[in-house]
Structures are given as C-alpha cells and as structure tokens.
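Here is how the chains run, residue by residue.
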Amino acid sequence: MALWRGLRCCRRAFAWLPVLLIALLLLWSYYAYVCELCLVTVTNPVEKVAYLVVFHILFVLFVWTYWKSVFTLPIQPGKKEQEVKTFPSSAVFERLRAARAECSSGALCLQFHMSYADQERYENEERPEVQRQILAEIARKLPVYTRTGNGGIRFCDRCQLIKPDRCHHCSVCAMCVLKMDHHCPWVNNCIGFSNYKFFLLFLAYSLLYCLYIAATVFKYFIKYWTGELTNGRSKFHILFLLFVAIMFFVSLMFLFGYHCWLVSRNRSTLEAFSAPVFQNGPDKNGFNLGFVKNLQQVFGEEKKLWLLPIASSQGDGHFFPMRTLSEARNPLLTNEEQWEEDGIDEEPQVLTGSGEASSLAIERET
C-alpha cells in the first residue's frame, strides 16, 4: 500500500514537468526580450517603448489563459438536480424542459449518477436483460441521445453513472468529464466543457506571442548575424529567442488551426476520431448547428467576452442541441409536431421489454 501511494505521488509529480518546462521557457523569454533586447540592444526610445507595451499585453494574456487552462478543473456530471440552462436557439429543448419539469422548484431532474438503491439493485442483478432494463429506466428521465457503437446506453461502470452526451471517462483524471475533448499533458489537465474556451485562447495568444517575438527580434538577429552588433551575451539570448519562437509558432499554428476547424464543425477531438452515435447510427455532424451557433456554444453570445478567459460558454455541459436531422432521429423527439397536437405534458415513450435488448446494451467504458 505504501509503495503504491509512493508511485502515485511520483506520477503526479512527473505530470507537472511539462507545465514547469513551459513556465521556465516563459520566464526566460520575458528576461531575454525585456532585458537583453529592449533594455540592452534597442537604442531608439520610441521603438523600445512600443516593443515593451505590446509585449506586455501579449504576455499578460498568454499567462492568464494558460493559468485558466491549467487550474480550471474539469466538470463531472452532477450528482444533484441540475438547473436547466437551455440554448435560446433550441425550441425543442424548451419543450423538453417544460415536459420534464417534475420538480416543484422548476429544475429539471437530472440524476446521471445512480442512486444508492439503483446501484444496489443493478449490482445484485445477474441477468443482463434486467440490468439493461434498469439502465433504460434511468435513461428515460435524462436528455441522453447518444449511444454506444452497438446502439446501447452509455454507462460508466467506474463512476457508476449514465454518461451525458459528449461526456467521456478520462483514465488519467479517473473521472467522467463533461464534453471531454482530450487530456493535455502540457497543461496537466483534462480539456472539456469547463476550460475548452480557455484552452483555445491559450493557443491563440501563445501563437501571437511567438509571432510577435519572432517579428520584432528578426531585425536584430540579422544585425548580430552580419556582425553589425557584437554584444556577446545579448547575441546568444536573441538568437536562441528567435529559434524558439519560430519552432513553437510552427507547431502551435497547426494545433490551433485544427481546433479552429473542430469549433467550426462543433466537434471535439474525440468526436473527430470517432463520430457520435445516435439512434440510427453514427453522425459526425450530429451537433453541427452552423458556423455562428457553433462559435456561440464555445464562446457565448456576448462578443465582448470572446477574447477574454472568462467563462461564457452556453449551457451547463450536460446536454447540447442537435441539428435537425439528429433531432429527427431521436425517438424522444421524432415528431416535433406531435408535441403541439398531444401537449407537452405527455411523457415520451421509450422501448421497454424484449425489444430493447438489441438496442439498449450496457457500455462499460473506462
């Protein structure tokens, strides 16, 4: 037991090494740019002030977004009743909210974690078909529309919960993460619903930071290269600063471009590799609402907050609006007009009995 605890502590310590490396590089780049370039090498006072002002703006934004990416904890599916945070553009979800408002407080009863009674009943049951019925009974009360590859209910046996749409279990964090994108070693954190905006801004500002350093240092790199300037200590810092800035700029450019493409399609990294599965099969564009609405899901509707690492994403991460085709595929939302004809108080029907054995299987994903 003591050995196992020691190994866990070592693993946690080693996980912070990439973060420490970035922090050291950032501190060195600050010293090299401010002290060796601006204070020692640059002689024009106007140019010196302009360089320092722009540099410090980018530096603050870089550090701020990186801090938020590292220390904003990923969100697990709620264990208690969640207040509904619908997307204004989704009329169907407004109807679903009204139809499922069973609590006196007006909150939608979203209990993704198994209750103690359900967990005991599920674990004591040995028949797979009865276990499927238990999960189906719990899933009926939840706005869960994605399925496993064989069409079953997405269930995590480690966290003992029905997985919300776009939620996945992170083996590194040992928890289910809402709208999980990936686990990033460079921030030692799981990127998901709570910090995906911060991660995107971190990539953007680090890209601008490297580009600005490379653009302003290049002139003095040429002067040192041709022998016009001869300060040995500053020469080393400026030459190395240019190479490091270009190296990181190239790598970040591809990574940031890839995530911009993901945002434009409203996909996560996991969904890009494996399309989400709905009732009638996989659909890689199941959550694609159009470019503008896709942006608003990540950055929110207040454009003044888009460029700041302040939480403004739409919803609460437990469910997401789907494009019209995917909504039509959902058995809970098959016929939108039927809501108006029969009334929204009617409980949507879900397959029960033997018919669900082929479509509601248990996912044991870790």
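Look a little higher up for the structure.
Residues numbered from 1 in each chain as written. Predicted model: local features only at pLDDT ≥ 70, side-chain atom pairs only at ≥ 80, totals over all residues. Heavy atoms only, no water.

**Describing the overall build of the chain**
What counts is decided by this rule: Each helix corresponds to a stretch of at least 4 residues labelled H or I by DSSP, and each strand to a stretch of at least 2 residues labelled E; elements are numbered beginning at the N terminus. Burial classification: accessible surface area is computed with a 1.4 Å probe over protein chains only, and a residue below 20% of its type maximum counts as buried, one above 50% as exposed, and the rest as partly exposed. Any pair of residues with heavy atoms lying within 4.5 Å of one another is described as a contacting pair. Only the protein chains shown count as cover for residues, and the accessible areas themselves come from Shrake-Rupley with a 1.4 Å probe.
Each helix and strand counted, the chain has 12 helices and eight strands in total. Taking all 366 residues of the chain together, the buried fraction comes to 49%. Put simply, of all contacts in the chain between residues at least 6 apart along the chain, 69% involve residues at least 24 apart. Working note: accessible area of the chain is about 18800 Å², and carbon and sulfur atoms make up 62% of it.

**A word on the nonpolar core**
What counts here: Throughout this description, the term nonpolar core refers to a set of buried Ala, Val, Leu, Ile, Met, Phe, Trp, Tyr and Cys residues connected via side-chain atoms within 4.5 Å.
One finds Tyr33, Phe55, Tyr66, Tyr209, Ile213 and Val217 to be the most contacted residues of the largest nonpolar core, which totals 50 residues. Within the residue set of this core, elements represented by two or more residues are helix H2 (17-41), helix H3 (45-71), helix H7 (196-226), helix H8 (232-265) and helix H10 (291-299). Residue contributions to this core peak at 17 residues, all from H7. Apart from residues lying up to four places away in sequence, Ile213 is in contact with Tyr33, Phe55, Leu241 and Ala245. Of all hydrophobic cores here, the second largest spans 13 residues; its members include Met114, Ala139, Val144 and Ile162.

**Brief notes about the pattern of salt bridges**
In plain terms, the rule: Salt bridges are defined by distance alone: a side-chain nitrogen of Lys or Arg within 4 Å of a carboxyl oxygen of Asp or Glu.
Across all of its chains, the model carries eight salt bridges by this definition. Two residues, Arg121 and Glu137, come together in a salt bridge whose shortest N-O distance is 3.8 Å. With Arg121 in helix H5 (residues 116-124) and Glu137 in helix H6 (residues 128-139), this residue pair connects regions lying 16 residues apart in the sequence. For Arg121, a relative accessible area of 38% translates into the label partly exposed. As a salt-bridge pair, Glu271 and Arg166 come within 2.8 Å of each other at their nearest N and O atoms. A residue pair is termed long-range when its members are at least 10 positions apart, and Glu271 in helix H9 (residues 269-273) and Arg166 in the loop between strand E2 (161-162) and strand E3 (168-170) qualify at 105 residues. Taken as a pair, Glu271 and Arg166 share a single burial class, namely buried. One salt-bridge network, in which partners are shared between bridges, spans Asp118, Arg121 and Glu137.

**Thoughts on the environment of Ala245**
Residue placement: Ala245 occurs in helix H8. Owing to a relative accessible area of 4%, Ala245 belongs among the buried residues under this scheme. Taking the C-alpha atoms as reference points, Ala245 and Leu207, 38 residues apart in sequence, are found 9.1 Å from one another. Ignoring any residue separated from it by four or fewer positions in sequence, one finds Ala245 in contact with Cys210, Ile213 and Ala214.

**A word on a nonpolar patch on the surface**
This is how the line gets drawn: Patch rule: a residue counts if its relative accessible area is over 30% and it has no salt bridge; like charges are joined within 9 Å, and nonpolar side chains (Val, Leu, Ile, Met, Phe, Trp, Tyr) within 5 Å.
A contiguous nonpolar surface patch, about 540 Å² in accessible area, is contributed by Phe14, Leu17, Leu20, Leu24 and Leu27. The leading source of residues in the nonpolar patch is H2, at four residues. By secondary structure assignment, the location of Leu20 is in helix H2. By relative accessible area, Leu20 is classed as partly exposed at 46%.

**Brief notes about the side chain of Thr216**
Rule in force here: For this analysis, a polar contact is any N or O atom pair within 3.5 Å, provided that within protein one partner can donate a hydrogen and the other can accept it, and provided that sequence-adjacent residues contribute only side-chain to side-chain pairs.
With respect to the element layout, Thr216 can be found in helix H7. Here Tyr33 takes part through its side chain, which lies 3.0 Å from a polar atom of the side chain of Thr216. Separated by 3.3 Å, the side chain of Thr216 and the backbone oxygen of Ile213 make a polar contact. Apart from the residues lying within four places of it in its own chain, the contact partners of Thr216 are Tyr33 and Tyr51.

**Quick look at a positive patch on the surface**
For the record, the criterion: Here the positive residues are Lys and Arg and the negative ones are Asp and Glu; neither His nor the chain ends is included. Taken as the charge centre is NZ of Lys, CZ of Arg, CG of Asp or CD of Glu, depending on the residue.
The grouping of Arg5, Arg8, Arg11 and Arg12 at the surface amounts to a positive patch. Looking at the secondary structure, you find Arg5 in helix H1 (residues 2-15). Residue class for Arg5 comes out exposed when judged on its relative accessible area of 55%.

**Points about the packing of H2 against H7**
So the rule is basically this: The angle between two axes is taken between their N-to-C directions and runs from 0 to 180 degrees, where each axis is a line fitted to C-alpha atoms and a helix contributes only its stretch in contact. These descriptions rest on fixed angle ranges, namely under 35 degrees for roughly parallel, over 145 for roughly antiparallel, 65 to 115 for roughly perpendicular, and the rest for oblique. With the far helix as reference, a near helix turned anticlockwise by less than a right angle produces a left-handed crossing, and one turned clockwise produces a right-handed crossing. Ten residue types, Ala, Val, Leu, Ile, Met, Phe, Trp, Tyr, Cys and Pro, are classed as nonpolar, four, Asp, Glu, Lys and Arg, as charged, and the remainder, Gly among them, as polar.
Packing of H2 against H7 brings their axes to within 12 Å, and their N-to-C directions diverge by 45°. Put simply, H2 runs oblique to H7. H7 is crossed by H2, and the crossing has left-handed handedness. Of H7, the residues touching H2 (which contributes Leu26, Ser29, Tyr30, Tyr33, Leu37 and Thr41) are Tyr209, Tyr212, Ile213, Thr216, Val217, Tyr220 and Tyr224. Partitioning the contact of H2 with H7 into residue classes produces 10 nonpolar, three polar and no charged.

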